Each structure stands twice: as C-alpha cells, then as structure tokens.
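Structural features, examined
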Amino acid sequence: MGLVLVGLNHETAPLPVRERVAFSKDEAVSALQELKPWINQALLLSTCNRTELYALLADPADLARVKETLFFRKFKSNGTDGYLYECANADVVRHLFRVACGLDSMVLGEQEILGQVKNAYEISRQAETVGTLFHRLASQAMHVGKRARTETQIGFGPISVAFAAVELAEKVFQKLEGRGVLLVGAGENGALCAEHLLARNARPFLIANRTLERAEALARDLGGETIAWKDLARALTVVDIVVATTGAPHTVIQPDMVRDAMKKREGKPLFLVDLAVPRDIDPEVDRLQSVFRFDLDALKGVVETSVARRRKEVPAVEHLVTDEVEGFMRWWDSLASGPVIRDLHQAFESVRVHELEQNAKRFKDEDRQQLEVFSLNLVRKLLMSASLELKEQKDGDPAALERLAAVRRIFRLDAKDEQDDGDPSV
Amino acid sequence: MIDAGRFIRLILLLLPLFYWAALIDYIIVFTTNDPLARRLARPLLIFALVANVVYFLGFTFYFEHLPFVNLFQVLGAIGFAIAAIYLWVESRARTPHTGPFILTLVLVFQVLNTVFPKLDREVPEVLRSTVFNLHVSAAILGYSSFAVAAVYGLLYLLQYRVIRNKSFGLVFQRLPSLDILDHMNLVASSTGFLFLSIAIVAGVWWSHVVFGGVKVDPKVLVAMLTWVIYGLALFGRQFVSWRGPRMAYSSLFGFLVILFSLFAVNFFMTKFHVFVS
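Residues numbered from 1 in each chain as written. Chains lettered and ligands numbered in written order. Predicted model: local features only at pLDDT ≥ 70, side-chain atom pairs only at ≥ 80, totals over all residues. Heavy atoms only, no water.

**Thoughts on the nonpolar core**
By size, the foremost hydrophobic cluster in this structure holds 118 residues, and its most contacted members are I241(A), F271(A), F294(A), Y19(B), L45(B), Y55(B) and Y152(B). Among the elements that take part in this core, helix α5 (residues 130–165) of chain B stands out by supplying 18 residues, more than any other. Setting aside residues up to four positions removed in sequence, F294(A) forms contacts with L168(A), F271(A), L272(A), V273(A), D274(A), L299(A), I163(B), K166(B) and F168(B). Grouped together as the second largest cluster of nonpolar side chains are 41 residues, L56(A), F328(A), M329(A) and L401(A) included. (Core = buried A, V, L, I, M, F, W, Y, C linked by side-chain atoms within 4.5 Å. Buried < 20%, exposed > 50% of the residue type's maximum accessible area, 1.4 Å probe, protein only. Helix = DSSP H or I, 4+ residues; strand = E, 2+ residues; numbered from the N terminus. Contact = heavy atoms within 4.5 Å.)

**Focus on the packing of aromatic side chains**
Within this structure, the stated rule accounts for 23 aromatic pairs over all chains. A ring pair is formed by F97(A) and F328(A), whose centres lie 6.3 Å apart and whose planes are at 85 degrees; its orientation type is edge-to-face. One end of the pair, F97(A), is in helix α4 (residues 90–100); the other, F328(A), is in helix α12 (residues 296–333), and 231 residues separate them in sequence. Owing to a relative accessible area of 0%, F97(A) belongs among the buried residues under this scheme. When the ring of F56(B) is compared with that of F68(B), the centres are 6.2 Å apart and the planes differ by 80 degrees; the resulting orientation is edge-to-face. Note that F56(B) is positioned in helix α2 (residues 35–63) and F68(B) in the loop between α2 and α3 (71–93), a separation of twelve residues in sequence. Taken as a pair, F56(B) and F68(B) share a single burial class, namely buried. (Phe/Tyr/Trp six-rings, centres within 6.5 Å; stacked < 30°, edge-to-face > 60°.)

**Describing the confidence of the model for chain B**
On average, residues of chain B score 86 in pLDDT, and 94% of them reach the 70 mark or higher. As a predicted assembly, this complex carries a pTM of 0.74 together with an ipTM value of 0.82. (pLDDT = per-residue confidence, 0-100.)

**Re the interface of chain B and chain A**
Across the boundary between the two partners, chain B contributes 19 residues, which contact 24 residues of chain A. Interface area, chain B with chain A, both sides summed: about 1800 Å², of which 56% is carbon and sulfur. Of the charged contacts in the structure, one is a salt bridge between D179(B) and R179(A), with a shortest N-O distance of 3.8 Å. Where chain B packs against chain A, one counts twelve residue pairs in polar contact (both at pLDDT 80 or more). The set of elements that each furnish at least two residues to the side of chain B that touches chain A consists of α5, α6 (170–174), α7 (178–211) and α9 (245–264) of chain B. Here the side of chain B that touches chain A gets four residues from one element, more than from any other, and that element is α5(B). Looking at the side of chain B that touches chain A residue by residue, the classes come out as nine nonpolar, four polar and six charged. (Buried area = accessible area lost by both parts, 1.4 Å probe. Salt bridge = Lys/Arg side-chain N within 4 Å of Asp/Glu carboxyl O. Polar contact = N/O pair within 3.5 Å; in protein donor to acceptor, adjacent residues only side chain to side chain. Nonpolar A, V, L, I, M, F, W, Y, C, P; charged D, E, K, R; others polar.)

**Side note on the sheet that holds strand β8 (residues 241–244) of chain A**
Residue and element names in this part refer to chain A. On the basis of which strands lie adjacent, the open sheet formed by six strands has the order β7-β6-β5-β8-β9-β10 and parallel pairing. Strands at the two margins of the open sheet, each flanked by one partner only, are β7 (225–227) and β10 (291–295). For this sheet, the mean angle separating the axes of adjacent strands, direction not counted, is 20 degrees. Taken together, the four bridges between strand β5 (residues 181–184) and β8 define a ladder with parallel strand orientation. The residue of β8 that forms the bridge with L183 is V243. Where helix α7 (residues 161–173) meets the sheet, its contacts fall on β8, β9 (270–274) and β10, and the angle it forms with β9 comes to roughly 170 degrees. (Pairing = 2+ DSSP bridges. Axes fitted to C-alpha atoms, helices over the stretch in contact; angles between N-to-C directions.)

What follows is the structure, given as structure tokens:
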C-alpha cells in the first residue's frame, strides 16, 4: 500500500489535453467509484488547470490501471505518460499542501484553489473514498492554505488588470455599492472589469457603444442599460466610474467633456479606467481636480507590483508547508502498530501511577509494595490481548490503519495539538 | 508615603514617554503590519491616556484647579483630547494606519506641556469660574477636533497625490480610501465647529460676568477668524460642493490659523489671553 499522486497540470499538459480530463462533480463521483477495486481512499482534484488523483492504493501495481481509467482512456498516450507526473508518500502530502497554498497555481497564491480542494473532499465523501487518512489530509491541506494566506502575503494585491482597477476604485470610493458604472465600448476586457465592479454592487450600469446590438447583448448578459453614443457626455455626470475599451483610433473622452461634467458633479470624484490601445481617454484630463485616470500601463504597474510581492513570499510559504508536512507525517507514523501499542501502554501506565499517588494515604507502607506489583500486573493483563491484536495489524493495510486510528481515538492517545483539525467541508 | 506633588511631577515627566511608546508602536504597525505590534497598539495608547487622566485628577485635587491655565497646559489638554478622539475614530474606521500621524501631533503637544510645567496653585482670580471652565473645556475639545481634521485633511492630500501620481507604495497601501479620509475630516471639522461655537458663547458670557462687556484681544479676533473659516468651509461643502481637496486644504488652513493664534499671539505672553495681564 502506498499514498500516491498521479496527475497533470497547466505546466505539463496543454489546454486541449486538460479539457479532456476535466471532471464535473458527477463525473468525478462516478470515476472514483469506478476506481474503487484498486483504491482504498482517494481524492480527485479537477480544476481548469489541473486534474490530480490522490490515492491510497492497496497494491502499487494497480497504478497503471488507475492511470488507464482516469487519463489514457480520455487522450491517446502514444505509449508515453509525458503529460503525467506522479509521486509517493511524503511528496504527495507536500504537493497537496503546496497546491492548497496556491504555490502550484498559474496565478501565484490565488484563492479559488481552497474552495476547489474543499469540493474535491465533498466529492470523495459522496463517492465514499474518504477514510481517516484522507480526512486528515484534506483538512490539513485546507488549514495550511488558510495559514499561508493569513500569515504571509501570498494572496495579497490584485493580479489582473481588471482587479487592479477595482482595487484602485476602492481606494477612492471605499465602497462601490451604489456607484454608477459606464462602460464605453463593448470589448471583452471592459466587460470583465465591469463584471468585477458589478459583483461589488456598483449600480446603475450603463453601456455606450457605437453599434447598439453589441451593447444590448452585453446589457442583457450583465444586467445593465444601453445609452446612445451621443449621450456619452451627459452620462459622465451620472456615473462615478467609467471603463473605456473601444477600438477607436482616437480618444473618445476629451478634457472638455470631463471638465463640463465635473462642474455638474459638484466636486464628486470621477474614476476613469482606460483599457483601450490606442487610448480612449485624453491624458490631459489628469489636470482636472478629483479626476482619477488609469490606463493599461498604470494598471499593469499595479499588477506587477503585487505579483512581485507575492513572489517574495514564496520562501516563507514553502517553509510553512515543510512544517505542516512534517506534522502530518508524524501523525501518520503514529498510526503504525508499534507506536499505537507503545502509546496505549504509556496511557494506561500514567493512569496507574496517578491513581496510586492519589490513593497512597489509604494504604499502609508495607501494603504499598504489594499494591505496586498488583497494579502493574493488572494493567499488563488488561492490555495483553489488545497488544497481541494490535501486533497482528499489518502496517500498510488500509483496514488496519482504520482500526489503529480508532484505537488512538477511543483512548485519546493523541496530544491535543496533534488531534484532528475538524471537518474540511465546514 | 509618596509625596503627592512629586508623584504628579513624575507622571508629567513620564507622559511623553508613554505617548512616545504608543507612537513608535503605531509606526511599526504602519511600516511592517507586524501582528504583535498591532495587538499592542491600542493597549499602549489606552495606557498613556489613563496615565494622563490620573495626572489631570491628581493635579486638580492637589493644586485645586484644572490644569488649563497657561498655553502649555492647554496644549497638553489638547494633546490628550486628540489622542482620545483618535482612539474613538480608530475603532470606527477600523484601521490603525492613521495613528502615526495623529500621535506625532499628540507627542509634540505633550512634550511642550512637560518641558514648560506650571505646577502651582496660582490662578488669576478672573479665571476661577464655572463658565470659564466651560469656555476652556469647549475650546480645548474644539481645537483638538480641528487638529484631528487637519491631520485627516493632510492625509487626504497625501493619498490624493499618491493615487493621481500612480506611486503605489506603502502610503497607498496603508492609508484608508479618500472617501473615508474626507468623511473623517468632515466629522472632525463639524465637531470642532460645534465646540468652538460653545466656547465663543461661553467666553462672551464669562466676559460679561467678569468685565461687564466683551473685551477684544488678538486671541478673540483670531478665534472669530477660525470660526468663520470653518463655518465657510462647512457651508461650502454643504451648499457649493466644497469637498475633496478643497475641504482638505480648508481644514489645514484653519488649523494653521489656530496654531498662529496659540503660538504667535502668545509668543511674548505667558497667559492665554492678554486682557488678564
């Protein structure tokens, strides 16, 4: 038996391959059920950037069948596993913890992966492929992921141009709720940016485009209103945030337009995002008071700064991962029969000694020696059959692992800090 | 037993040290965001404030009058009020990152109060009255609020420049949004205006009681000018969209006038007003 990982990600496999082995929730449940003859416990993590199977195999030789079922059936291997990577035991734990921290993500430190690990755990529970080991593995992965984001700056700052615009807007307006947004042009980048703003309840949402059809389609998709192109100047007095993304060869928002709007806005700030190349908003508007204009270069600058900051945090996160992997392996090692028998005897011995001390005064000095011998024999005999039974448990047998874990639980053999971190699905 | 007078002197000496400790911690929080420093910041400031209250109470009982008689005592009281107002603002704005700026002002005032102590029972007879105490207390609260408003005005201009120049460093990250800074400035200016109005009314009343009419000295004129400046700024904000950078500049200008009133006019005098001399 061994803990193994087999999978592919955005670095080893191109999108057409990743597409084929991406599993929806239901597909993942049935895939896990199909793998059951060879696996004892398993977690299938499938996102747009990775498909990975973490499994406890009854027989390492079955790995080939698992790969065939999960991967090679979906894409032609040409006799090679070029796209796949695999590892075993502590390296598997390290890999999952690194994934949960966002160290293995396309966008360093991204947050979504934590939710995806949680979903994978849910799927495994549904497919009934979670035992003590995988419950602990998933919950500790979630715990490490959360620690990385609270104790380091790995998840800090915007990492896309659209998010950078939102963060800057929040440095001006604090809350975007109720702030009007005008989208000028119906380009994809602008729509993405508007989506982020709308997700923060920025309203109303107006769209101006030279071709009305495209604007109307976008308004339907995102839930906004279209306005005529000629009403652009008037719209500047109503909204607080403008996102410009037209393909026009010249500027469409000129300083005069903004100057007039600012007079009517009674000094309220106007936030302009220019995602177009060539630019849609004349940089001369920077001279106007309370006008904040950001073009692609400025936004990219923000993104680069936060990416650099995240990179600087990588060593700290790796250190944290190493710590947690060591903790996990210590816990796992304690599930072998030897440590369980040792800890069980220690636990009984400490109860024996404690009770003797508590009741020492109730016995005469000459009786105490006999009591010592008697209690030692009693404990040894009480534990004899349990010890023999535990010795019989083969290390590496998944069923034995569950039994040993149950003994640890029943007799509370784990120190408090070594105990379970709770349910990862919570 | 410790001599009460020596005890009061000792606290007065220690007060700048306590505020300094809090300031240093707030600076560490601003620059590194260290979790331990974050946990310590408020307790350190609260400790300094409690020590300050002990000093006020001790002084008042031992010397039998409030420590608001000369310029430096008034400054000390303003420093205390600024720190207390800041503590309240911090709990509302939920960010400790404006602390270093506010507490620098507090420390300066407290140092002046300690370096130029006036520890005696002498109080000009005309200043011994309830209305006078009301006048001074309201003026202290008013000036403290204006000081806080000025700091928020300054921080607004700082953040405004940083965002417009696209220099997204530490200041950009740590300072709150322009919206919050503008709002804090407005709240502090309005509070200051209210207390200054009370101080002026109480001052006029007291003047009538003591002198039988309003005495005009440079300080009174400057106070009136301050009242007019803030009144105009608040009126402008309400009715002619005087917000953002303009509001920030107004509160800074208003505070400069106050500083002028406190220092320049008092430069050759030890007492707060001239007409008592």
